[in-house]
Amino acid sequence: MYKEKKIFSIMNTVADWIIRFVVINIIVITLSLPIITLYPAMSAGYNLFHDYANKDEVKLFSGYFEHLKKDFFKKLLIGFILFILIFLGYSNVTYYVNILNEQNHWFYVVGYYVTTIFLVIAIIVTLLSVTVIKVYPKAKYMNILKISFFVAGRYFFRTILLIVITVLPFALLLVPITTMIFVFGGISLPLYLNVIITKPIVTYLEKLGETK
């Protein structure tokens, strides 16, 4: 009887997590379709998984939308700023790639590497800013970006791992047969792994105290 109850409990827990991954994944994708709401949607998913990872059994739907509403317009603006930075970085990298295909001048080579570094930094800051704003929701915009850049350097290997787990799932979109996997877990699973990877960063930031 004890073993049966334990097996049932494990199966129930697994089922709960599968439901969480699928539902959160669908919600985040749906709310991200307007593009501009991508950042708040991802942030809400991250915060909800952070609750679950810390044994805070909040309700799925109400918990998600509670996180979504919290500082929504601030996150919307941060997301817009970061989107512009990434867009500019990507546009400039593409520009230099096109030029280098025609003429391999040192000036354009330098420009290519500078803009590539800028793009990578923008992506890194975007990923880690979700963690920073969770700990410091009232921090000023510039402070959020500065702290995100700082912890990226301090936790370099975790940052690299964070980039890998964020980018890899999008490879599922390249093959039609794996697209459904992305729809049901391609966003939520990386968000959960993000929570696990950034746990020491959250602890470090909490020890620093509230930043104004």
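Residues numbered from 1 in each chain as written. Predicted model: local features only at pLDDT ≥ 70, side-chain atom pairs only at ≥ 80, totals over all residues. Heavy atoms only, no water.

Student: Can you help me understand the overall build of the protein chain in this one?
Tutor: Looking only at helices and strands, one finds 10 helices and zero strands in the protein chain. When its helices and strands are written in sequence order, the protein chain yields α-α-α-α-α-α-α-α-α-α. With the C-alpha coordinates aligned to their principal axes, the bounding extent of the protein chain is approximately 75 × 45 × 30 Å. Here the protein chain holds 212 residues, and 40% of them are scored as buried. (Helix = DSSP H or I, 4+ residues; strand = E, 2+ residues; numbered from the N terminus. Buried < 20%, exposed > 50% of the residue type's maximum accessible area, 1.4 Å probe, protein only.)

Student: Mind showing me how you'd approach the environment of K59 here?
Tutor: If you trace the backbone, K59 turns up in the loop between helix 2 (38-53) and helix 3 (60-69). Look at K59 and you get exposed, because its relative accessible area is 65%.

Student: For this particular structure, what's the right way to read the nonpolar core?
Tutor: It is characteristic of soluble globular proteins that their nonpolar side chains tend to be buried jointly. Counting residues in each nonpolar core, the largest one holds 44 residues, and the members touching the most others are Y64, V151 and L205. Tallying contributions element by element places helix 5 (residues 106-135) first for this core, with eight residues. Setting aside chain neighbours within four positions, we find V151 in contact with L128, T159, I201, Y204 and L205. (Core = buried A, V, L, I, M, F, W, Y, C linked by side-chain atoms within 4.5 Å. Contact = heavy atoms within 4.5 Å.)

Student: Before we go on, may I ask you to explain helix 4 (residues 72-100) in this structure?
Tutor: Each turn of an α-helix holds 3.6 residues, which means side chains three or four residues apart point in the same direction. Between its first and last C-alpha, helix 4 extends 42 Å over 29 residues, near the 42 Å set by a 1.5 Å rise per residue. Residues K74, K75, L76, I78, G79, L82, G89, V93, Y96 and I99 constitute the buried set of helix 4. (Expected span 1.5 Å × (residues − 1).)

Student: Just checking my understanding: could you explain the pattern of salt bridges for this structure?
Tutor: As a working rule, side chains carrying opposite charge can pair if their charged atoms are close by. One pass over the full model with this rule turns up two salt bridges. Note that K138 is salt-bridged to D71, the shortest N-O span being 3.1 Å. Note that K138 is positioned in the loop between helix 5 and helix 6 (141-154) and D71 in the loop between helix 3 and helix 4, a separation of 67 residues in sequence. The class of K138 is exposed, set by a relative accessible area of 57%. (Salt bridge = Lys/Arg side-chain N within 4 Å of Asp/Glu carboxyl O.)

Student: How should I be thinking about the packing of helix 2 against helix 9 (residues 188-197) in this particular structure?
Tutor: Any two packed helices are characterised by the angle at which their axes cross and by the distance between the axes. In the contact formed by helix 2 and helix 9, the axes pass within 9 Å of each other and the chain directions differ by 60°. By the angle between their directions, the pair helix 2 and helix 9 is classed as oblique. Where helix 2 crosses over helix 9, the handedness of that crossing is right-handed. Across from M42, G45, Y46, F49, H50 and A53 in helix 2, the residues of helix 9 making contact are S188, L191, Y192, N194 and V195. (Axes fitted to C-alpha atoms, helices over the stretch in contact; angles between N-to-C directions. Parallel < 35°, antiparallel > 145°, perpendicular 65-115°, else oblique. Left-handed = near helix turned anticlockwise from the far one by under 90°.)

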